[in-house]
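# Architecture and fold: a report
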Amino acid sequence: PRIVVLISGSGSNLQALIEAQSHDRLGGEIAAVISNVPDAYGLKRARDAGIDAVALPHREYDNREAYDGALIKVIERHEPDLVVLAGFMRILSPRFVQRFIGRVLNLHPSLLPAYQGLDTHARVLADGVANHGCSVHFVTEELDSGPVVIQAALDVTEDDTPATLKAKVHAREHLILPIAVNWFLQGRLRYAGQSVTMDGTPL
Ligand code: GRF
């Protein structure tokens, strides 16, 4: 099975997927990595791993529709079974979501449905909540709202800062993303509208 990974930044989660693949723990191969940020370090990680690395700068397109059209074309060229958003910092249009519905997973740095959107670590600290973490979910048209596949949680401590929380969440992201991808590629996950089943049982 083939995976296309979309990134915007460092790509440490992409690196986790690359490592999982090299240890036969991913259940498929990363066919291409696409970034909307042309100099994203994650593209270098892809190149170093011999993976097709594509820069698709959004500033070269007039609007979201035009960009998503180009993005769909590049993705389809690689005929993926699964598209993974690993720190892809763009909102995808309904057209894109419907084109790949049921086979796009997104990694989000919070315990969804709490803290959708950006700056989750700072918001968690500001609210003084006791727990935080990360989630992998199916992408639907509504931002960060698709059914959750897997989460990792952690305790927020007194002396946590956005930076320390980010680091703790990051470590857990590197664990749960490869697991979710492997479950999907093994055919164990079924996206069903606002829910997902695992081996036939609702998650
Ligand atoms: C991750 O923390 C992810 O949750 C967020 O962006 C970050 C990407 O990090 N959406 P990296 O590029 O995988 O290192």
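This report concerns the structure included in the present document. Note that the structure is a prediction, hence the values are computed from the model and not measured.

## Quick notes on the pattern of salt bridges
Following the criterion strictly, the structure yields 6 salt bridges and no others. For Arg 95, the salt bridge goes to Glu 65, with nearest N and O atoms at 3.4 Å. Of this pair, Arg 95 sits in helix α4 (residues 94–100) while Glu 65 is found in helix α3 (residues 64–77), placing the two residues 30 residues apart along the sequence. The partly exposed category is assigned to Glu 65, whose relative accessible area is 41%. With a shortest N-O distance of 2.7 Å, Asp 199 and Arg 188 are connected by a salt bridge. Residue Asp 199 is located in the loop between β9 (195–198) and β10 (201–202), and its partner Arg 188 is located in the loop between α6 (162–185) and β8 (189–192); the two are separated by 11 residues in the primary sequence. For Asp 199, a relative accessible area of 48% puts it in the partly exposed group.

## Section: the layout of surface pockets
Computed from the structure, the largest pocket encloses a volume of approximately 940 Å³. Residue lining of the largest pocket: 37 residues in total, with Gly 87, Phe 88, Met 89, Leu 107 and Pro 109 positioned closest to the centre. Mapped by element, the contributors of at least two residues to the lining of the largest pocket are α1 (12–22), β5 (104–108), α5 (120–127) and α6. Looking at the lining of the largest pocket, the element that brings in the most residues is α6, giving 4 residues. By residue class, the composition of the lining of the largest pocket is 15 nonpolar, 15 polar and 7 charged.

## Brief notes about the sheet that holds strand β2 (residues 29–35)
Strand pairing in a sheet relies on backbone hydrogen bonds, with the paired strands running either antiparallel or parallel. Strand order in the open sheet made by the 7 strands is β3-β2-β1-β4-β5-β6-β7, with mixed pairing throughout. At either end of the open sheet lies a strand with only one pairing partner, and these are β3 (52–55) and β7 (148–155). Adjacent strand axes in the sheet meet at a mean angle of 15 degrees when their direction is disregarded. Judged from the 4 bridges that link them, β5 and strand β6 (residues 131–138) form a sheet pairing that is antiparallel. Bridge pairing links His 108 to Ser 135 in β6. Against the sheet, α1 touches β1 (2–7), β2, β4 (82–85) and β5, its axis set at about 165 degrees to β2.

Calculation notes
Residues numbered from 1 in each chain as written. Predicted model: local features only at pLDDT ≥ 70, side-chain atom pairs only at ≥ 80, totals over all residues. Heavy atoms only, no water. Salt bridge = Lys/Arg side-chain N within 4 Å of Asp/Glu carboxyl O. Helix = DSSP H or I, 4+ residues; strand = E, 2+ residues; numbered from the N terminus. Buried < 20%, exposed > 50% of the residue type's maximum accessible area, 1.4 Å probe, protein only. 1 Å grid on protein atoms, 1.4 Å probe; cavity = no way out; pocket = protein on both sides within 12 Å on 5 of 7 lines; lining within 4 Å. Points joined across faces, edges and corners; volume = space filled by probe spheres on them. Nonpolar A, V, L, I, M, F, W, Y, C, P; charged D, E, K, R; others polar. Pairing = 2+ DSSP bridges. Axes fitted to C-alpha atoms, helices over the stretch in contact; angles between N-to-C directions. Contact = heavy atoms within 4.5 Å.

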